[in-house]
Structure formats: C-alpha cells, structure tokens
Amino acid sequence: GKGGLGAPLAPSGEVIKQKIQAIEVDLRHNLRQLAEMSRLHETERSILIRTFECFDYDRTGKVSRDGCRKALRSLGVQIDQYEVERLFDKYGQDMSRMMPYDVFTARLFTSQNRLLAWTEQKHQAFQGKDSKEDLAFNGKIIYPKGKLGSVYTPENWNPELGERSKKAPDGFLELEYVYGYRADDAVSSPNLFYTASREIVYFAAAVGVVFNKEASEQRFFLGHTDDILSLALDPTKTLCATGQKSAIGGGPYVCVWDTNSMQELVRLDFDKHPGDSGVNALQFSRDGQFLVAMQKDIDHHITIWDWKAGTKRGLVMSEKTLKGPAAMGIPIIFGIAWNMHARKDLEGEVGAIDFCTYGVKGIHFWRLPKDIKNGAVRYVRSKINKAAVQPISGTGDLPSLSHHNCAVWLPNGDCVSGTKAGEIWLWRDTKFFWHNQAHKGELTVLKLRDDGTTLLSASSNGTIIEWNVESSTPVPISRRTIPPQYFDSKSPGIKALDCFPGSHIYMMGSMQSDIYEVDAEPEPVVKGHNARLDAIAANPVRPSEYASAAFSGRCFLWDAVKREPALAFSAPPHDFVAQATCIAYSPSGDELCVGLTSGYWFVYNSMHKTHAKLHRPPTEPKVNAYNLPVLEHQGIAVVKYSPDGQTLAVGAYDQMIYFFDVRPDLADREATVSDRARYRRIGKAAGHSSTVDRLDWDVRGVLLQSNSRANEMLYWWGRPYATADEFKKRGAVARGSQA
C-alpha cells in the first residue's frame, strides 16, 4: 500500500520546488528550439498550446494530470507524479482537478515580477525624489506611451541601485570646440564680427563663440538656454549682445557679455507676446548706451533699452511695428541698422538718434528725441518720390517693391539697402533716390569699411562687389566670385561680412555655415554643416577621427586634432535631394554606411575614396542605375554594424529592421570595393509599432537591441545561422525571434 514497505519516499517540498524550476527551464529551452526549427514560424506559446490540445480529448481547454505528463514528455521533459501534483498546485486547477493549459502557458512565459504586477502597479517611472520605500517597488510600471504601455522591474531588482542613480555622476563634459556657425533662414540679421582684439565673434546653437584664428582656440559664452537668433557688437567692439528664442515656459531674453572675459554683464528679459518665438535682431546705438531689439511676435515689437540699468529700470520703450505672423519662422522685419555717423539734422531736431528697420517689402526710418526717456518715439515710413529718381539705363521707371535684406548708413547721412531681387537702393532724407541692379542673385549683405569710402555688397550666389561711395551715388570698383569649395558644389552664398580694422581683409560667413577670411584668396577658418545634423559616429580604430552627415547630403570625415574636415563626400547622384539621417563605421574603421530619408543607403570606403555600389535582392522590385537598395520606399533611421563586421542592421521608417550579410574580407582590395556580392540581404525583423531609431549589438554580435519612437525596446537574435553548431559556437540558441 501507499507508504508501505518498498514504496518510494516522497521527496521534500523544497526538493520538488527545485525540480519544478528545472522542469520549467528545460521546457522553455526545448520550446525555443522547436520554434526556431519550425517552418511555419510558430512561437513557443503556440507550440505548447497545440501539444496540450492533442491530450484535451473533450476540447474543454483543460488537461488532466496524466494528459499533462504525456504532453510534457512529448516535448522532451520528464515529470513524475509528485512533480505534476506540485505543478498543478502552482499553476492552478479547477474543482475536477483539471488545469487550464492556456493559464499554464501564459504564466510559464511570464516573469515573476509580471505576475506580481497583475495586482501591483506603478503609474510613473522612478523619480529622483523617490524615497527608499518607493525605490523598493517590484512590479509593473505603466508609462503613458509605448506599444505595450508598461515595463517591469528586473527580477533581482536592488533598490540600492536606484539610490545610486539619484546621485550626479563624478564625470562631466567640457565644451572644447564648435564646428560651423548658424547661417540658416531663421537668422535674418548680421551675426559675424571682428572684435577689438581682432578675434571673431559669432554664435552656433545656444553658444556664443569668440575665435582666435592665430591660436585656433575658442572661448564660449554659455548663458543661453535655447538657440541664439541675433548678435550685435557695441561701438568699442568689446561688448556683445545675443538674443535667443523663447525658452520653454518663459519669454525670450538678451545677454550682454564681455568678449574678453566671456562674463555676463546684464540680462534683459522681454515680455512674451502672442506668437513670440524670440529676438531676431539687435543693434547698439552710436554711443553704445542704448540697445534696440526686435521680437518675432505677431506685432513685431521693437524695444529700446538703456541696457546698463538692467531689466527693471532700463526699459526705454516697447512698441508695436508691423502686424503679421512670422511665416515658417521668418519674421516680417529682418534687421536693424543704426546710423553710426554724424547725421544731418532732420526737421530741425538737433542731436536726434535715428535708425532704420528693414524687411518684407519695406524699410522704415525711426527718429527718437534728444531726451529719449521723456520724448515721444516717432518713425517715418520710407517714401518713393518719382521726381527724385535718377534715370537708370536710360529709363526713369521706378524699381519694383521687394524685400530688403540688409541696410547700412553712409557718412553723409544717406542709407543704402539691398533687396531680394539683387538691387542696391539709395535713400536720401527717408526718400527713395537711386537704385542699381547690382547682383544677379539675392543681395544678402552690405558692409561699409572703416575708411567710410568703400562699401561691400554680397549675394546669395557668392559674388562680392566693391563700391566707392564718395560721390552722389555708389560707383562699382571691382567684382569677385568666391569659388566652390567642393568639386560637386556651387559658389557659397554669403550670409555675413565684416572688415578687418585698417586692412583690406574681410571675414565672410557663408550659407553653408562656414567662415572664411578673404584676402587674395578665401581661406577657410571654420567649417561646418549647413543643414539639420542628426548623424555622427566615432572611428573605432582611429580615435582622432569621426564622421558626420547632414540633411544636405554632405558627409565629413573630421580630424579632431587639426579641427578641420580631412575628407568630404556626398551620396551617389540621385534624381532627388539625398538627406542623410544616420551614419556608422564598420569595425575596421575604413568603411562608412550612410542612410538617407529616401530609403536608400550607401557605403563609402575612406581608404580608397570610393562608393560601394550595392545590389538589390532578386525579390525586391525597382533597382536604380546605381544599384542602391531602397527599402520598401521608406527612409532609413539607423544603421549599425555588428562587432565582427559580418552583419549590418538597418532600421527604417517602416518599423522594420533589415539584416545584411557583409564580406569584410573584400573591403581591403580596391578592385572589389564595389563588388555586388559584398552586401547581401539575409532577412528582416518585424515587431515595432513605430520608426526604429536606435540599434545596439552585444559584444559577441549575437544579440541586437532596438528602440522605436513609440518608446519600445525589443531584443533579437541578430543573425540566422545555418547550423546548430554555429549557434552554440557564438552562444546563441535561436534565430529571428523576438526576445
């Protein structure tokens, strides 16, 4: 009888618990191997459910103890009567002692913390202010976004790790160098100047930069919290004012700082008006006492500060100018030009200060009383007086009204402005007097030399004209065009000019975000990208080299020691603009893979300076003349080589991850750089619900983790292998499955 002589002794509860855990591990392992070998792409759960159904003769969704033992044995797991009893007690049974196998399957593949989370939930991530009790939470954390909407604490979560994470790290980052300067359409006023020490001041992003060309060193002003939009230098060329975008939760502000010490002298806070997106223009007065600022709000407020008095006491006036939204972030008023020269009296007001504002289809002249703090502010609209117009090319027709991009005052009190149509206009006593079709392209910059007799005008097609302004109207002296800097580019458009004091040398800021010093020939001083920059990668072999790729399609290999590009290249020619979104080095450090928004990607060999012509698998339609693979007509968001260089993973906007077999052994031979067999697609992985934008391999090149813009994190076996031996050799147990 039971428990009699010769009957086996029942094992202890602890022994059975350990055996059950081993059975669960073996069962998961075997199911994973079966799923890997399944030609029907079944999952572990579906295989287990189908096996239980074979012993569910009544189709009730439940299985008996005997049926459970037979099902597990058919899956290669041995279990005795004591173990199956313990298994039913753990996973649940009904009144008839039958176990619902769908519950068993769900719990088998659910971690202990997930089981706890069915009753214990947390509706936000761990916070820095959390107490030790809060950090000891073990269960389900619900986030507002994501495919599944929640994550789970690790099985062996240690709250002390949370305490450690609340502390700031010991290390820190120090800004060393800024490449390029801002020259996009959001910047509408001059933003590049020589200082009194003959250094160069400009800005990039939220950083004010003072650059010493001789020493190739930069100093930084870091007092801004968002992108800088405007810059002005005072008459002494030692103080700089920079205005920024409206910060989140507040209005815009201007900082006045010293270009030698880089210390902030005063901060001027502005009221935030409807549609306000920042301060887009700044200008100091002739004596440096006042600072004029223009805001990018609907009413384009103009504000004058006695800046040394600060925000509370220094506000002189704030007035609406022109009403209208800043379309696409571009304001109606582009900039301000203060008359820095001894001016003629206007309407008998001796000592009056005037300046002009210029922009969309207009230029306006402002006149302030001698006692600016007590007098009323007046501005005079520009007038076109037909009787005062001098004939041009034998005609007396008036020029068409156009956008005025720039303006400068001459020593005799006249004002010169440049238009989008390439014309130079002369204003005398606030009335239009003369014009000339100076440039074929858009006239973008006007700069008067210190001698007061020579004027420089520059255009968007790279042309610079020198004018003599000693006579009644400007007379052209010379013309030059800045040559293209790359073999596949045009002459750089010119964004800003400033003249070296007491010399014919001048500094030029290009629309490609480069800075040149121009003497006999233009010399690059600062190089950068001229479009959105999302892609950057460090060379894994050469520490002083890194690569970047921008939406312009231009890619640079940078020398971090010399602080200049060692090599520039672009995507192979297309019938569309190639916007580069991502870049990655191969482990050898010689090849770069670049992904484009068009869905194309290409490989560039920096040693041989050649593009690898890639093929399309036979199953993929539409191959272009350059054999560039396009993935489902979707953009490429991220590319990543495995550590051994044998696999390339490509994450796309179509929520897929594509895997390519790579032949790194062919990369060193120039004749085979463009070999069609070098990159071969071996599969793709589906599982994300949004664009895949981050990829990372483990050190063995076996596992791949991916993030999406829906805040999902998935894990994958990164390469399908031909044999089980190769799996074991690399430490893998499955392929093509989501972890």
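Reading the values: rules and limits
- Numbering of residues starts from 1 in each chain and follows the order in which that chain's sequence is written.
- Two thresholds apply to this predicted model, a pLDDT of at least 70 for residue-level local features and 80 or more for giving and counting side-chain atom pairs, whereas whole-chain, interface and lining totals are computed over all residues.
- Calculated side-chain values reflect all of the structure's heavy atoms, with hydrogen atoms and water omitted.
- Put simply, DSSP H or I for four residues or longer makes a helix, DSSP E for two residues or longer makes a strand, and each gets a number counted from the N terminus.
- Remark: exposure states derive from per-residue accessible area (1.4 Å probe, protein chains only) relative to the maximum for the residue type, with buried under 20%, exposed over 50%, and partly exposed in between.
- A contact between two residues is defined here by any heavy atoms of the two lying within 4.5 Å.
- Only the protein chains shown count as covering a residue, and every accessible area follows the Shrake-Rupley method with a 1.4 Å probe.
- Remark: nonpolar core denotes a set of buried residues (Ala, Val, Leu, Ile, Met, Phe, Trp, Tyr, Cys) joined through side-chain atoms within 4.5 Å.
- Pairs were defined over the aromatic rings of Phe, Tyr and Trp, the Trp ring being its six-membered one, requiring ring centres within 6.5 Å. Orientation was assigned from the angle between planes: stacked under 30 degrees, edge-to-face over 60, tilted for the rest.
- A pair of strands is considered paired only if DSSP assigns at least 2 bridges between the two.
- The angle between two axes is taken between their N-to-C directions and runs from 0 to 180 degrees, where each axis is a line fitted to C-alpha atoms and a helix contributes only its stretch in contact.
- Our angle categories are set so that under 35 degrees counts as roughly parallel, over 145 as roughly antiparallel, 65 to 115 as roughly perpendicular, and the remainder as oblique.
- Take the far helix as the reference: if the near one is turned anticlockwise from it by less than a right angle, the crossing is left-handed, and if turned clockwise, right-handed.
- Note on residue classes: Ala, Val, Leu, Ile, Met, Phe, Trp, Tyr, Cys and Pro are nonpolar, Asp, Glu, Lys and Arg are charged, and everything else, Gly too, is polar.

Student: Just to check I follow, could you spell out the overall build of the protein for this structure?
Tutor: Of the regular secondary structure elements, the protein holds 10 helices and 49 strands. Within the span of the protein, comprising 739 residues, buried residues form 49% of the whole. Nonlocal contacts in the protein, meaning residues at least 24 apart in sequence, comprise 47% of its contacts between residues at least 6 apart. On the protein, roughly 35900 Å² of surface is accessible, and the fraction owed to carbon and sulfur atoms is 51%.

Student: Looking at this structure, I do not really get the nonpolar core. What am I missing?
Tutor: Counting 25 residues, the largest nonpolar core has Leu27, Phe52, Cys68, Leu72, Leu87 and Phe104 as its most contacted members. Among the secondary structure elements, those contributing two or more residues to this core are helix H1 (13-37), helix H2 (44-53), helix H3 (65-74), helix H4 (81-91) and helix H5 (101-108). At 6 residues, H1 tops the list of elements feeding residues into this core. Judged by nonpolar contacts, the second largest core, of 20 residues, contains Leu192, Ile200, Tyr202 and Ile505.

Student: How do you make sense of the packing of aromatic side chains when you look at a structure like this?
Tutor: Remark: the centre distance and the inter-plane angle together describe each pair of aromatic rings, the angle taken between the planes. This model, assessed by the stated rule, comprises 25 aromatic pairs. Arranged with centres 6.2 Å apart and planes meeting at 80°, the rings of Phe284 and Trp307 form a pair that is edge-to-face. Taken together, the residues span a long stretch of sequence, with Phe284 in strand S14 (residues 279-284) and Trp307 in the loop between strand S16 (302-306) and helix H9 (310-314) at a distance of 23 residues. Judged by its relative accessible area of 0%, Phe284 falls in the buried class. The class of Trp307 is buried, set by a relative accessible area of 5%.

Student: Just checking my understanding: could you explain the sheet that holds strand S17 (residues 315-319) for this structure?
Tutor: Strand-to-strand pairing in sheets goes through backbone hydrogen bonds, with the strands running parallel or antiparallel. Reading across from one edge, S14-S15-S16-S17 is the order of the 4 strands in this open sheet, with antiparallel pairing throughout. Only two strands of the sheet have a single neighbouring strand rather than two, namely S14 and S17. Adjacent strand axes in the sheet meet at a mean angle of 15° when their direction is disregarded. The sheet contact formed by S14 and strand S15 (residues 290-295) spans 5 bridges and is antiparallel. From the neighbouring strand, Ala281 faces S15, where its bridge partner is Met294.

Student: I'm lost on the sheet that holds strand S44 (residues 647-652) in this one. Help?
Tutor: Here we have 4 strands laid out as an open sheet, ordered S43-S44-S45-S46, and antiparallel in their pairing. Among the strands making up the open sheet, the edge pair consists of strand S43 (636-641) and strand S46 (679-686). In this sheet, neighbouring strand axes are inclined to one another by 20° on average, regardless of whether the strands run parallel or antiparallel. Pairing analysis gives 5 bridges linking S43 to S44, with the strands arranged antiparallel. The residue bridging Ile636 from the neighbouring strand is Ala652, located in S44.

Student: Help me out: how do you make sense of the packing of H2 against H5 in this one?
Tutor: For any two helices packed against each other, the geometry is given by the interaxial angle and the distance between the axes. In the contact formed by H2 and H5, the axes pass within 10 Å of each other and the chain directions differ by 155°. Accordingly, the angle class assigned to the pair H2 and H5 is roughly antiparallel. Classified by chirality, the crossing of H5 by H2 is right-handed. When H2 is examined against H5, the residues Arg45, Leu48, Ile49, Phe52 and Glu53 are found in contact with a partner set consisting of Tyr101, Asp102, Phe104, Thr105, Ala106 and Leu108. Looking at side-chain class alone, the contact of H2 with H5 contains 7 nonpolar, 1 polar and 3 charged residues.

Student: I'm lost on the pairing of strand S9 (residues 217-221) in this one. Help?
Tutor: Along any regular strand the residues' side chains alternate between the sheet's two faces. Pairing between strand S8 (residues 207-212) and S9: 5 bridges, direction antiparallel. In the strand pairing of S9, Val209 is matched with Phe220. In sequence, S8 turns back onto S9 through a hairpin of 4 residues, with Ser216 there showing a positive phi of about 55°.

Student: Hey, could you run me through the pairing of strand S48 (residues 703-708) in this one?
Tutor: Burial of the side chains of S48 is restricted to one face: Leu704, Ser706 and Ser708 are buried, whereas none of Leu703, Gln705 and Asn707 on the reverse face is. As judged from the 5 bridges shared by strand S47 (residues 692-697) and S48, these two strands associate in the antiparallel manner. Residue Asp696 lies in a different strand from S48, and its bridge partner there is Gln705. Sheet analysis places S48 next to strand S49 (residues 713-717), joined by 5 bridges and oriented antiparallel. Considered in S49, the bridge of Leu703 is made with Trp717.

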